[in-house]
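Here is how the chains run, residue by residue.
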Amino acid sequence: MLRDYVRSVCGFNLNVRLFLAQTFAAGIYSGIYGVVFNLYVLQMGFDTGFLGLLLSTTLLASALASVPAGILCDRFDHKAILIVFSLLSVITALPLFLSSSPAVLLASSAVSGIFGQISIVCATPFLTENCEPDSMTHVFSANQALAWAASVIGYAAGGVLPYLWSYVRVAGDQYRLTMLAALVLLIAGWALLLFLRENRYAPHRSCRPSFTLRPSPAVLKFALICLITGAGSGMIVPYFNVYFTRIVHASVFATGLIFAVASLFMVAGFVAIPWLSERVGRARSAVLTQFASLPFLLLMAVTGNFLIASAAYVMRMFLMNMAMPATTSLQMEIIRPEERGYAVGLMSTGQSLAIAGATYLSGLLMAGGNYTLPFAVTCTAYIVAAGLMYYYFARHEAPPAGAPPGRSTPLPEHLIRASPPRHRDPAND
């Protein structure tokens with residue numbers, strides 16, 4: 001399994017390799033951000049209510065930008081969009097780490113979220129058109145694996161750097177200095193995008209293509225699943241560092257270490273998912289792993305023991321997220337090339353709106369001392385989302401044991417809206 005995976009990864013083209021390298025740099029930044037940012041905001045004197053408002057503002061801005069971002073992505077060159085808007089997202093995030101004004105923090109979060117969302121929406125179609133159909137699951141798997149492997153470094157750095165500034169006697173807020181150092185890594189990752197080459201297999205885009213805002217049934221089904229999953233995730237995921245430091249009473253260093261261990265397990269999961277999806281199907285892989293994660297989430301809700309909570313967190317992250325590459329691959333195979341950007345934007349909008357609302361609600365609940373109800377809401381949402389994934393897609397997906405690797409059994413025609421004949425896309429032959 002591992003040998004086949006490595007062989008497939010080594011065959012990626014230059015654009016995919018450069019994008020994966022950028023993913024690695026961004027993953028380190030995300031790891032540091034995940035450990036430090038919430039604590040940085042709380043240290044400035046804000047409560048969890050404002051923290052929830054700040055986090056939900058970013059998510060709400062991203063949600064509002066997602067559909068326009070998808071339309072922009074479908075009309076213009078993916079490479080140019082990635083380069084321009086990735087840089088703008090970095091520049092507009094800088095005030096977050098230089099100002100303590102609530103208005104500036106909220107404005108910076110919103111604007112940076114909008115620009116960042118445009119590049120995020122564009123990333124999936126970009127990778128899709130730069131890989132062969134048979135390697136699609138491997139490409140998304142490698143992208144996720146590198147992101148989580150990088151986050152191991154980021155989580156460790158997020159736990160160590162705040163102490164390191166005091167040790168080397170650097171003046172300034174330890175959390176702020178850590179976030180500024182992380183931003184330098186994000187700029188380095190952006191610089192790699194400047195070396196992307198033109199993709200001669202990409203479909204020609206015009207500023208006035210034939211386009212409709214009416215999505216296909218398959219896109220609507222995926223968007224509904226994303227919305228419900230987002231509602232569950234928003235209740236707890238943004239607050240995992242608060243959970244460990246305030247409920248389990250772990251140190252910042254221990255929290256970073258736990259996140260790093262979870263990321264190592266995630267890397268193993270992303271490497272294994274192509275193998276699993278080829279045997280049970282991509283939709284079934286998502287259903288099975290998400291259901292398997294629920295007992296560990298419930299265990300986190302009822303325990304105050306550091307070791308039990310840490311082990312449950314690692315297993316929950318491993319199982320809940322490992323099928324993401326297979327799900328993304330399934331989405332990109334089913335959705336028509338000319339509406340992929342719009343589809344990603346629509347799915348992201350539903351998910352981001354749900355996460356934003358849930359994050360704000362959960363922040364208010366936690367500010368009032370209620371840390372159990374968010375876990376119950378998350379479990380319910382995940383059960384519903386997994387059930388819909390099975391009903392819409394998995395039950396129609398024949399076991400692919402005898403099918404060539406990377407291929408799935410075609411879904412029923414009613415899942416895809418009838419449309420006029422489209423142009424032949426060499427990238428998807």
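Here's what I pulled together on the structure shown here. Keep in mind it's a predicted model, so treat the numbers as computed, not measured.

This part covers the overall build of the protein chain. Counting its secondary structure elements, the protein chain contains 15 helices and zero strands. Expressed as a percentage of its 429 residues, the buried residues of the protein chain come to 56%. Per element, the accessible surface of the protein chain, about 18000 Å² overall, is 68% carbon and sulfur.

Now for the packing of helix α2 (residues 14-43) against helix α9 (residues 240-247). Packing of α2 against α9 brings their axes to within 8 Å, and their N-to-C directions diverge by 65°. On the basis of the axis angle, α2 is roughly perpendicular to α9. In this structure, the crossing between α2 and α9 has a hand that is right-handed. For the pair α2 and α9, contact is made by Gly34, Val35, Asn38, Leu39 and Leu42 and by Asn241, Val242, Thr245 and Arg246, respectively. For the contact of α2 with α9, the class distribution of residues is four nonpolar, four polar and one charged.

This paragraph deals with the nonpolar core. By size, the foremost hydrophobic cluster in this structure holds 65 residues, and its most contacted members are Phe37, Val41, Phe97, Phe244, Phe259 and Tyr313. At 11 residues, the largest contribution of residues to this core is made by α2. Membership of the second largest hydrophobic core comes to 51 residues, among which are Phe85, Leu127, Leu193 and Ile335.

As enumerated under the stated definition, the model contains 18 aromatic pairs in all. On the basis of an interplanar angle of 80° and a centroid distance of 5.0 Å, the ring pair of Phe240 and Tyr313 is categorised as edge-to-face. Within this pair, whereas Phe240 is found in helix α9, its partner Tyr313 is found in helix α12 (residues 306-321), the two being separated by 73 residues in sequence. Through a chain of ring-to-ring contacts, three or more aromatic side chains come together here, namely Tyr155, Phe240, Tyr243, Phe244, Phe259, Tyr313 and Phe375. Directly above the ring of Tyr392 sits Lys221, whose terminal nitrogen or CZ lies 5.3 Å from the centroid.

Running from amino to carboxyl end, helix α10 (residues 252-280) crosses α12 at an angle of 35°, the nearest separation of the two axes being 8 Å. As for how α10 packs across α12, the hand of that crossing is right-handed. Where α10 abuts α12, its residues Ala254, Ile258, Phe259, Val261, Ala262, Phe265, Met266, Ala268, Gly269 and Phe270 lie against Phe306, Ser310, Tyr313, Val314, Met317, Phe318 and Asn321. Of the residues contributing to the contact of α10 with α12, the split by class is 14 nonpolar, three polar and no charged.

Structurally, Thr229 is set in helix α8 (residues 217-236). For Thr229, a relative accessible area of 13% puts it in the buried group. If near-sequence neighbours (up to four positions away) are discounted, Thr229 is found in contact with Met320, Gln351, Tyr382 and Ala385.

Time to look at a nonpolar patch on the surface. On the surface, Val160, Tyr163, Leu164, Tyr167, Val168, Phe253, Leu257, Val261, Leu264 and Phe265 cluster together into a nonpolar patch covering about 970 Å² of accessible area. Those elements that provide at least two residues to the nonpolar patch are α6 (136-167) and α10. Of all the elements, α10 adds the most residues to the nonpolar patch, at five residues. Position of Leu257 relative to the elements: it lies in helix α10. In this structure Leu257 comes out as partly exposed when scored by relative accessible area, which is 47%.

A separate point is α10. For α10, built from 29 residues, the straight-helix expectation of 42 Å at 1.5 Å per residue is met to within 8% by its first-to-last C-alpha distance of 40 Å. The largest bend along α10 measures about 40° and falls at Ala272, with the proline Pro274 one to four residues further on. One or two positions beyond α10, positive phi appears at Gly281, with a value near 100°.

Since the α-helix turns once every 3.6 residues, residues separated by three or four places project in the same direction. Over its 16 residues, α12 extends 22 Å from the first C-alpha to the last, a length consistent with the 22 Å expected when each residue adds 1.5 Å. Among the residues of α12, those classed as buried are Ala309, Ser310, Ala312, Tyr313, Val314, Arg316, Met317, Phe318, Leu319, Met320 and Asn321. The N-capping residue of α12, defined by a side-chain oxygen 3.0 Å from the backbone nitrogen of Leu307, is Asn305.

The next point concerns the environment of Ile273. With respect to the helices and strands, Ile273 occurs in helix α10. On a C-alpha basis, the gap between Ile273 and Ala286 in space is 9.5 Å, while along the polypeptide they are 13 residues apart.

For Asn130, the position within the fold is in the loop between α5 (102-129) and α6. When its relative accessible area of 6% is taken as the criterion, Asn130 is described as buried. A distance of 3.2 Å separates a polar atom in the side chain of Asn130 from a polar atom in the side chain of Asn15.

So, on to the side chain of Thr255. Checked against the element boundaries, Thr255 lands in helix α10. Take Thr255: its relative accessible area is 1%, and that puts it in the buried class. Apart from the residues lying within four places of it in its own chain, the contact partners of Thr255 are Asn241, Phe244, Thr245 and Ala250.

A word on the state of the cysteines. If you walk through the whole model with that rule in mind, you get zero disulfides. Between Cys73, a cysteine without a disulfide, and Cys122, which holds the nearest cysteine sulfur, the sulfur-to-sulfur distance is 3.5 Å. Relative accessible area serves as the criterion here: at 0%, Cys73 is assigned to the buried category.

Glancing now at the pattern of salt bridges. Oppositely charged side chains can pair when the atoms bearing their charge come close. As enumerated under the stated definition, the model contains two salt bridges in all. One salt bridge connects Arg279 with Glu278, and the closest N-O pair in it is separated by 3.8 Å. A salt bridge links Glu333 to Arg282; the nearest nitrogen and oxygen atoms lie 3.2 Å apart. With Glu333 in helix α13 (residues 324-334) and Arg282 in helix α11 (residues 282-302), this pair connects stretches of sequence that are 51 residues apart.

What counts as what
Residues numbered from 1 in each chain as written. Predicted model: local features only at pLDDT ≥ 70, side-chain atom pairs only at ≥ 80, totals over all residues. Heavy atoms only, no water. Helix = DSSP H or I, 4+ residues; strand = E, 2+ residues; numbered from the N terminus. Buried < 20%, exposed > 50% of the residue type's maximum accessible area, 1.4 Å probe, protein only. Areas by Shrake-Rupley, 256 points an atom, 1.4 Å probe, with all protein chains shown as cover. Axes fitted to C-alpha atoms, helices over the stretch in contact; angles between N-to-C directions. Parallel < 35°, antiparallel > 145°, perpendicular 65-115°, else oblique. Left-handed = near helix turned anticlockwise from the far one by under 90°. Contact = heavy atoms within 4.5 Å. Nonpolar A, V, L, I, M, F, W, Y, C, P; charged D, E, K, R; others polar. Core = buried A, V, L, I, M, F, W, Y, C linked by side-chain atoms within 4.5 Å. Phe/Tyr/Trp six-rings, centres within 6.5 Å; stacked < 30°, edge-to-face > 60°. Lys NZ or Arg CZ within 6 Å of the ring centre and 35° of its normal. Patch = residues over 30% accessible without salt bridge, like charges linked within 9 Å, V, L, I, M, F, W, Y side chains within 5 Å. Salt bridge = Lys/Arg side-chain N within 4 Å of Asp/Glu carboxyl O. Expected span 1.5 Å × (residues − 1). Bend = angle between axes of the 7 residues up to and from the residue. Polar contact = N/O pair within 3.5 Å; in protein donor to acceptor, adjacent residues only side chain to side chain. Disulfide = S-S within 2.5 Å.

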